[in-house]
Amino acid sequence: MASLNVGNLGEYLREQRRNAQLSLRQLADAAGVSNPYLSQIERGLRKPSAEVLQQVAKALRISAETLYVRAGILDAERDRDEVETRAVILADPSLNERQKQVLLQIYESFRKENGFGIGEPAGDEGGAREADPDGATDRHDADAGPRRTAG
């Protein structure tokens, strides 16, 4: 079901905006995006990122997952937990934007390590890593890359 095109997303967004009785400018302000950019999304000229869709969904008070499916980012039958986790991280008011991005990078690296990377079939990279006999394990630091720590 992820084959819906961006035009369908735009039509859906326009319908939701009108149902919420918001002007294009009001929704753009509430979502923190520019008026022209939101207009291009509604007309099917731009494909927004998951983060922009999250902001628009929050402003419209609708499910971000619905927008992800309509944008073709998410298959409706797959990855619900991953999307919900990302949405919770992005919506957390106690984290600043940099912290949210770093946390998402770490989360994605762990999913890939466990064979559940975005667009990758499960099992590509095997299961979780085990400690070496010396007790060291592989850890990932979002800024510095992989590093070894004593465990």
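Residues numbered from 1 in each chain as written. Predicted model: local features only at pLDDT ≥ 70, side-chain atom pairs only at ≥ 80, totals over all residues. Heavy atoms only, no water.

Regarding the overall build of the protein
In step 1: Assigned secondary structure in the protein consists of seven helices and two strands.
In step 2: For the protein, the succession of helices and strands along the chain, N to C, is α-α-α-α-α-α-α-β-β.
In step 3: A total of 151 residues make up the protein; the buried ones form 33% of that total.
In step 4: In the protein, once contacts between residues fewer than 6 apart in sequence are set aside, the share between residues at least 24 apart is 42%.
In step 5: In the form shown here, the protein has an accessible surface area of approximately 9,300 Å², with 48% of it arising from carbon and sulfur atoms. (Helix = DSSP H or I, 4+ residues; strand = E, 2+ residues; numbered from the N terminus. Buried < 20%, exposed > 50% of the residue type's maximum accessible area, 1.4 Å probe, protein only. Contact = heavy atoms within 4.5 Å. Areas by Shrake-Rupley, 256 points an atom, 1.4 Å probe, with all protein chains shown as cover.)

Thoughts on the environment of R70
In step 1: Structurally, the position occupied by R70 is in helix α5 (residues 64-71).
In step 2: Along the primary structure R70 and Y12 are separated by 58 residues, whereas in three dimensions their C-alpha atoms are 8.2 Å apart.

What to know about the confidence of the model for the protein
In step 1: Counting all residues, the mean pLDDT for the protein is 76, and 69% of those residues have values of 70 or more.
In step 2: Considering each helix and strand of the protein separately, the mean pLDDT is smallest for strand β1 (residues 136-141), with a value of 42, and largest for helix α2 (residues 24-31), with 96.
In step 3: Below pLDDT 50 for its whole length, residues 1-5 participates in eight contacts with residues either more than four positions away or in separate chains.
In step 4: For the stretch residues 119-149, pLDDT sits under 50, and the model shows 47 contacts to residues farther than four places along the chain or on other chains. (pLDDT = per-residue confidence, 0-100.)

Remarks on the pattern of salt bridges
In step 1: Per the stated rule, a full pass over the model turns up five salt bridges.
In step 2: A salt bridge links E97 to K100; the shortest N-O distance between them is 3.4 Å. Taken together, the residues E97 and K100, both in helix α7 (residues 97-113) and three residues apart, mark about one turn of the helix.
In step 3: One connected set of salt bridges, linked through shared partners, spans R14, R17 and E42. (Salt bridge = Lys/Arg side-chain N within 4 Å of Asp/Glu carboxyl O.)

Looking at the nonpolar core
If you look at soluble globular proteins, the nonpolar side chains tend to sit buried side by side.
In step 1: Within the largest apolar cluster, 24 residues are counted, with the highest numbers of intra-cluster contacts made by L9, L13, V33, L38, V56, L67 and Y68.
In step 2: Only α1 (6-19), α2, α3 (35-42), α4 (50-60) and α5 provide two or more residues apiece to this core.
In step 3: Setting aside residues no more than four positions away along its own chain, V33 makes contact with A28, L38, V52 and Q55. (Core = buried A, V, L, I, M, F, W, Y, C linked by side-chain atoms within 4.5 Å.)

As for the packing of α2 against α3
The geometry of a pair of packed helices is captured by two quantities: the angle between their axes and the separation between those axes.
In step 1: Running from N to C, α2 and α3 point in directions that differ by 110°, and their axes come no closer than 9 Å. Classified by the interaxial angle, the pair formed by α2 and α3 is roughly perpendicular. Regarding α2 and α3, the two cross each other, and that crossing is right-handed. Facing α2, whose interface residues are L24, R25, L27 and A28, α3 presents N35, L38, S39 and E42. (Axes fitted to C-alpha atoms, helices over the stretch in contact; angles between N-to-C directions. Parallel < 35°, antiparallel > 145°, perpendicular 65-115°, else oblique. Left-handed = near helix turned anticlockwise from the far one by under 90°.)

Structural notes on α2
In step 1: Buried within α2 we find L24, L27, A28 and A31. Buried residues of α2 fall within an arc of 100° about the axis and therefore sit on the same side. With respect to the buried face of α2, the exposed residues turned more than 90 degrees away are R25, D29 and A30. (Arc of directions from axis to C-beta.)

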